[in-house]
Amino acid sequence: MEEEEIMWKLDSNSVESATIGRVMSTLLSSRPRKLQEAIFRFGSNPHQTSVSSSDESLWFLNKYVTDAVEKKDSLDQILVPMIESSLKYRGRKHSNQPMIILNWLFQEKLLCKALVTSLATMISRKEDRYIALGWCTLVRELLEVEITMTQPTKNGVSENYYALLEILCACIPRLTVIMCDGSGLQDGSELPTRLSVAAADCFLALTEALTRKTLLSKVPSRNNASNSVVALSRIAENKVEPVTTSSEASNNVELDWLLWDHLDELIVLVQKLVAWNRKSRPLYAKGLEQVLKWLEEIKSHYGNFPDEADKKILKTGVLLLSSCWKHYSRLLHLEDHKISQHYKDLLEQYLSGIQFYTENCTEKRTENGDTTGIETRKFFLNCLSLLLGRFDQQQFDRIMLEYGIEISNALLSQFHSADEDVIEGSFSIFKAAVFKANYSSSQSRSTGTSMMDSVVPSLLDLLNERNVTSKAVVMLVAEYCFINTDGHCLQEILKLLDSPNALQRTNAVDVVRELIRISSDSVHVLSNSMWQDVAKRLLERLADEEPEIRSNTSNLLPMIDPSLIFPSLVHLFYSSDERVCLSASDALIAVLKYHSEKHEVIFMLLDSLSNLTQSLDIPDSSRDKGQGGSMLDFDKVRMLIAEWSKSVKDWKLLIEPLIDKMLAEPSNANIVKFLSHISEHLADNADIVFSRVLLHMKGQELDKSFFARPDSRTCTSNDSDAFTRSLFDRLCPLLIIRLLPLRVFNHLQSRVLYGQCNEVLLHASKNGDIDMNRHDCVATLLMNRAFGKFEFEDVRKLAAELCGRFHPKVLFPIISSQLEHAAESQDILKIKACLFCICTSLVRGWDPKFCNVLLKVRNSIEKVLLWRSLEGDEVSKAQHGCIDCLALMICAEVQTPESIRNSSTSENIVAGKMCSRSPTLNYVISQLMHGKHEFMSPPKLNSKTYISESSFPLPFRICMANTLISACQKISDIGREPFAQMTLPHLVHSIEVVRDQEIRAACIQVVFSVVYHVKSAVLPFAPDILEVALKSLREGSEKEKMAGAKLMASLMASEDPILECISEGLLEARSLLSVMSSTDPSPDLRQLCKKLLVCLTSP
């Protein structure tokens, strides 16, 4: 910033004003020695008429000031030139003319008071920042002036120093405002302006002057360092008793009280100094923080004694503040080049004081609660922080070369203190002085390293306990481990991790924690070998006997590179040692949460699990022996995944990489299991999943050489590895889709899943095939996998299952067409796939609005069931699928809410009207009884009119019976009662009226299944069922008798209400069984009757 010139706005017509301007210019430009000589000669020749010399200028100035004081005129024309000169020539040698002039004018008390008063008011009257800057400079020079006169003369400043201080103290509030307003933020740090720095230094000079017991006290020399230590040491003990005259004592007391009155401003000053130095000079800022803490404690402890009885205590606080501030203020100046000339004397004083009070004073508390020597040691440590912290790197290195060992020894002795402030202050200095990382020269670097090496053993000895000292040492040793490139110190710490002393192990873990923290905040990193050693030793601590060490270790592991710990950590997770397993579990959860959204960490976990699966070192208790060999108990990982998933905030960052890994490693079962545990989160981001799967499936090509003939679809390739890879590659995307909850298939608006539903329907061609070139959505690709001519059987089956999850609006129009054309072309594989789709969809749920579609499906099924087949052939398998499909259709219709609501009415129970609510059930019973489809009117149970039977083949009608048996097995609990009410009346009636023995036997077998599976729901029909059983035993064919005996057994094994209902008929049953057990020609039937008879006759 360039110097500005002050324009004096004087009256151009005033000769006096012009003259005083020339006079001030002459005097301020004179050489200091010439000016002093002129002052000495002043008064010898006062009758000069021109202002051509210093003598005449002094005469004119004296007269002008005297007149202005008498007239009470402004003295700005005198003071402003001095302010300009002080600012312009600040810091230069032989530039103290303003001080010489003021010292001369101050010899007259009247002039002194007027000039100082005018000067004090100027800082508030003038808003000019440049004048304020010069004012601060001039006042600081005035307060710190040391004038050496060449001729004997009075010292005006010294003689009026007390009055000068008393007047200027009124400027402290204004200086505080200037200092606070002059701060600005830069890169998040508060920085001062040039004016705020000058205001702070002027503030410090003024308050320092209030602490002087004799005028212009000088810094002690090295020769009186020991005496200074004794004087300084009495400060904290409130024993400072300066020897002065009575007048001096009175003035000193007044100055002390003046300083006390501005205690609040002192606190604000130090707060600002802390903010300005926190980033650029951390050690200095730390010392400032301790001074600030001390000031606040002084205010708290001594500032609340208004009573006369407490004046003595308050006076102690005033004296303590003055005594300590005298030394603190000297070290707080922001611009002070003199202190570097005396730093050795000050450094020796502080080190001597620390040593003296460490060796000669204990830390025992006195009766009044004070700790002898502790406060004094804090004072010396604060001074040492402020002194060392203000030097730049080059100066600091020079000091350390000379005093490094002495400083380190003095500070090491402080680590045995029980006071936290002593430990904290010592730590701050030690860290900067001994563990300084940026040595500017090779010599200082080697000196620093040797110094550190010499103190490390002493520091390690302090890790045998858990106290304030060990906490500080932990941080020091961690920092040294970080900058010590050979790793020797780190190895010593790692050895302590194996120490039999639990306290040493705990402290060693703390050192590692601090080392990790330092490393994470620095651009420099430890070598990979060092990290490997740290990781290895920490993993060993998971088996530590101390719970605290295990817990701390678990919390540390997340901050280490996961690649260094995952394989071993996963192995420990499956340890047979429960303690180790639990600690490893906590560590794994912590690692996963710490890296919650980094997919690389999840990959490491999955890879470690895969590697461990193949390892021979897995404990037997952790294996699941099955067809796939030894498998890890993945249920243990489920807990980890559940805890980790709670910490994930953005799943979109993870899902795509996880899906890609699954697609890249299709045979990795651990990935499938992992994804199954986060299926709900996959569902929340289903479009991402479907997009990755769709992209992968589009790029897949099936090698048709695996299939010998298109019709057989059997693999004849000798390349089993290629076959397996291809199979897993095509299964993998389907497995991913299978992991998704059913709800994702309800999103009809999902373009990646369904495209546009209308387009999916439109592109079903006339022959029932989906256009193979339409790969714009997942649905079409899945249908191609399910119905394609060439496909692996496992892939086809899984694809068909997934197609069954489609929304019925998409599935049924297409699947009914596919099934119809497959039945016409007798494509067995496609028929089976279609049936599997339908069965899956029926399990998914049922909507009655699709009854018409099911009618089309049922017609296709009828065609297939009419085909001739042999037991075990492909047609037979397809027909079994048809039977299951019809059974599920019955279950879906019976389990509708409407059917369940109407199942309790007595009318429906008797009449069987509910059968009409299940078209499929009505169809099956009709085909079983009549061999053709007729609507089943409510049967009359006592009617014996025989029904007409069609030409439908017997095997077809037996399939209908098997359908009902399958429905019995599949019906849910809520559907049992309506199913029994819809079925039993017709079956009981059919047994009475159907002529074909095979059909009657089949009907009895169906009734048996109903009784066996639906249990108490048959209660209303129990007597009729018993009658059916008895009649078949008396009059039926061999098959009917066997079926009747089984039905009897099922009734006898029923619940008590049913037994009570049929109790009367059991008497007849016992007689009949007794006869048949001895007379029936069938050995099997006789044996069964004997068993039933035993059950009836036993008590």
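Residues numbered from 1 in each chain as written. Predicted model: local features only at pLDDT ≥ 70, side-chain atom pairs only at ≥ 80, totals over all residues. Heavy atoms only, no water.

1. Things to note about the overall build of the protein chain
Counting secondary structure elements, the protein chain contains 54 helices and two strands. Scored against the burial criterion, the 1099 residues of the protein chain give a buried share of 53%. Of all intrachain contacts in the protein chain linking residues separated by at least 6 positions in sequence, the fraction that spans at least 24 positions is 73%. Total accessible area on the protein chain stands at roughly 50800 Å², and carbon and sulfur atoms take up 50% of it. (Helix = DSSP H or I, 4+ residues; strand = E, 2+ residues; numbered from the N terminus. Buried < 20%, exposed > 50% of the residue type's maximum accessible area, 1.4 Å probe, protein only. Contact = heavy atoms within 4.5 Å. Areas by Shrake-Rupley, 256 points an atom, 1.4 Å probe, with all protein chains shown as cover.)

2. Quick word on helix H30 (residues 635-647)
Those residues of H30 that sit buried are Val637, Leu640, Ile641, Trp644, Ser645 and Ser647. One side of H30 holds all its buried residues, which, seen down the axis, span an arc of 140°. In the core, the buried residues of H30 are packed alongside helix H27 (562-573), helix H28 (578-594), helix H29 (599-613), helix H31 (652-664), helix H32 (669-677) and helix H33 (679-684). (Arc of directions from axis to C-beta.)

3. Thoughts on the packing of helix H3 (residues 54-71) against helix H6 (residues 109-125)
One way to put it is that H3 packs onto H6 with a least axis distance of 10 Å and a crossing angle of 75°. As the angle between them shows, H3 and H6 are arranged roughly perpendicular. Along its contact with H3, which presents Asn62, Val65, Thr66 and Val69, the element H6 presents Leu110, Leu111 and Ala114. In terms of residue class, the contact of H3 with H6 is made up of five nonpolar, two polar and no charged. (Axes fitted to C-alpha atoms, helices over the stretch in contact; angles between N-to-C directions. Parallel < 35°, antiparallel > 145°, perpendicular 65-115°, else oblique. Nonpolar A, V, L, I, M, F, W, Y, C, P; charged D, E, K, R; others polar.)

4. Comments concerning helix H43 (residues 874-894)
The end-to-end C-alpha distance of H43 is 30 Å, a good match for the 30 Å that 21 residues give at a rise of 1.5 Å each. With 16 of 21 residues buried, H43 lies mostly within the body of the structure. (Expected span 1.5 Å × (residues − 1).)

5. As for the packing of aromatic side chains
Here the structure, examined in full by the defined rule, presents 14 aromatic pairs. Look at Phe690 and Phe745: their rings are 6.3 Å apart centre to centre, the planes differ by 65°, and that puts the pair in the edge-to-face class. One end of the pair, Phe690, is in helix H34 (residues 686-698); the other, Phe745, is in the loop between helix H35 (720-739) and helix H36 (751-754), and 55 residues separate them in sequence. According to the relative accessible area criterion, Phe690 is buried, its value standing at 1%. Members of the aromatic cluster, connected to one another through ring pairs, are Trp294, Tyr328, Phe379 and Phe380. Above the plane of the ring of Tyr923 lies Arg858, whose end atom (NZ or CZ) is 4.6 Å from the centre. The cationic tip of Lys1015 hangs over the ring face of Tyr1012; the distance from NZ or CZ to the ring centre is 5.6 Å. (Phe/Tyr/Trp six-rings, centres within 6.5 Å; stacked < 30°, edge-to-face > 60°. Lys NZ or Arg CZ within 6 Å of the ring centre and 35° of its normal.)

6. Section: the pattern of salt bridges
Using the criterion set out here, one finds 48 salt bridges in the structure. Across the pair Lys593 and Glu643 runs a salt bridge, and its minimum N-O distance is 3.7 Å. Note that Lys593 is positioned in helix H28 and Glu643 in helix H30, a separation of 50 residues in sequence. For Glu643, a relative accessible area of 25% puts it in the partly exposed group. Residues Lys1039 and Glu998 are paired through a salt bridge, measuring 3.1 Å at the closest nitrogen-oxygen approach. With Lys1039 in helix H51 (residues 1038-1052) and Glu998 in helix H49 (residues 997-1014), this residue pair connects regions lying 41 residues apart in the sequence. Judged by relative accessible area, which is 30%, Glu998 ranks as partly exposed. The network of salt bridges with common partners includes Lys293, Glu375, Lys378, Asp419 and Asp421. (Salt bridge = Lys/Arg side-chain N within 4 Å of Asp/Glu carboxyl O.)

7. A short note on the environment of Leu1088
Tracing the backbone through its elements, the reader meets Leu1088 in helix H54 (residues 1083-1097). Residues Leu1088 and Ser1077, spaced 11 residues apart in sequence, show a C-alpha to C-alpha distance of 7.8 Å. Contacts of Leu1088, omitting those with residues within four sequence positions, involve Met1042, Ala1045 and Lys1046.

8. Section: the packing of helix H11 (residues 194-209) against helix H16 (residues 311-332)
In contact at an axis separation of 9 Å, H11 and H16 are set at 160° when each is read in the N-to-C sense. The angle between the axes of H11 and H16 places the two elements in the roughly antiparallel class. Of the two elements, H11 crosses H16, and the hand of that crossing is left-handed. In contact with Leu204, Thr207 and Glu208 of H11, H16 contributes Trp325, Lys326, Ser329, Arg330 and Leu332. Its residues assigned to classes, the contact of H11 with H16 shows three nonpolar, two polar and three charged. (Left-handed = near helix turned anticlockwise from the far one by under 90°.)

9. Some thoughts on the nonpolar core
Membership of the largest hydrophobic core comes to 353 residues, with the highest contact counts inside it found for Leu61, Trp135 and Trp325. Considering every element that reaches this core, the biggest residue donor is H43, with 13 residues. If near-sequence neighbours (up to four positions away) are discounted, Trp135 is found in contact with Ile83, Leu119, Ala120, Met122, Ile123, Cys171, Leu175 and Cys202. (Core = buried A, V, L, I, M, F, W, Y, C linked by side-chain atoms within 4.5 Å.)

10. Side note on the pairing of strand E2 (residues 189-192)
Of the strand pairs in this sheet, strand E1 (residues 183-186) and E2 are connected by four bridges, and their pairing is antiparallel. From the neighbouring strand, Leu185 faces E2, where its bridge partner is Glu190. Here E1 folds back onto E2, and the loop between the two strands holds two residues, one of which, Asp187, carries a positive phi near 55°. (Pairing = 2+ DSSP bridges.)

11. Quick notes on the environment of Leu556
Relative to the assigned elements, Leu556 resides in helix H26 (residues 547-556). Sequence spacing of Leu556 and Val512 is 44 residues, and the spatial spacing of their C-alpha atoms is 8.3 Å. Once you skip the residues sitting within four places of it in the chain, Leu556 turns out to touch Val509, Val512, Arg513, Ile516 and Leu538.

12. A few points about unusual backbone geometry
Positive phi values are uncommon outside glycine, yet Lys72 reaches one of about 60°. Tracing the backbone shows Lys72 in the loop between H3 and helix H4 (76-88). Exposure remark for Lys72: the relative accessible area of 75% places this residue in the exposed category. Phi is positive for Lys1015, which is not a glycine, with a value near 55°. Looking at the element boundaries, Lys1015 is found in the loop between H49 and helix H50 (1022-1035).

13. A few points about the confidence of the model for the protein chain
Summarising the model, the protein chain shows a mean pLDDT of 80, and 80% of its residues fall at 70 or more. Long-range and interchain partners of residues 48-52, a stretch whose pLDDT sits below 50, account for six contacts in this model, where long-range means more than four residues apart. Counting contacts from residues 235-245, a segment whose pLDDT is below 50, to residues more than four positions away or on other chains yields 22 contacts. (pLDDT = per-residue confidence, 0-100.)

14. What about the side chain of Arg140?
Here Arg140 shows up in helix H7 (residues 129-143). Given the relative accessible area of 15%, Arg140 is considered buried. Separated by 3.3 Å, the side chains of Arg140 and Asp201 make a polar contact. With residues up to four places along the chain from it excluded, the contact list for Arg140 reads Asp201, Cys202, Ala205, His333, Glu335 and Asp336. (Polar contact = N/O pair within 3.5 Å; in protein donor to acceptor, adjacent residues only side chain to side chain.)

15. Notes on the environment of Glu254
Along the chain, Glu254 turns up in helix H13 (residues 246-261). Between the alpha carbons of Glu254 and Glu166 there is a distance of 9.1 Å; along the sequence they are 88 residues apart.

16. Side note on the side chain of Ser816
Tracing the backbone through its elements, the reader meets Ser816 in helix H40 (residues 808-825). The class for Ser816 is buried, based on a relative accessible area of 4%. Sequence-distant contacts of Ser816, defined by excluding residues within four places in its chain, comprise Val853, Lys856 and Val857.

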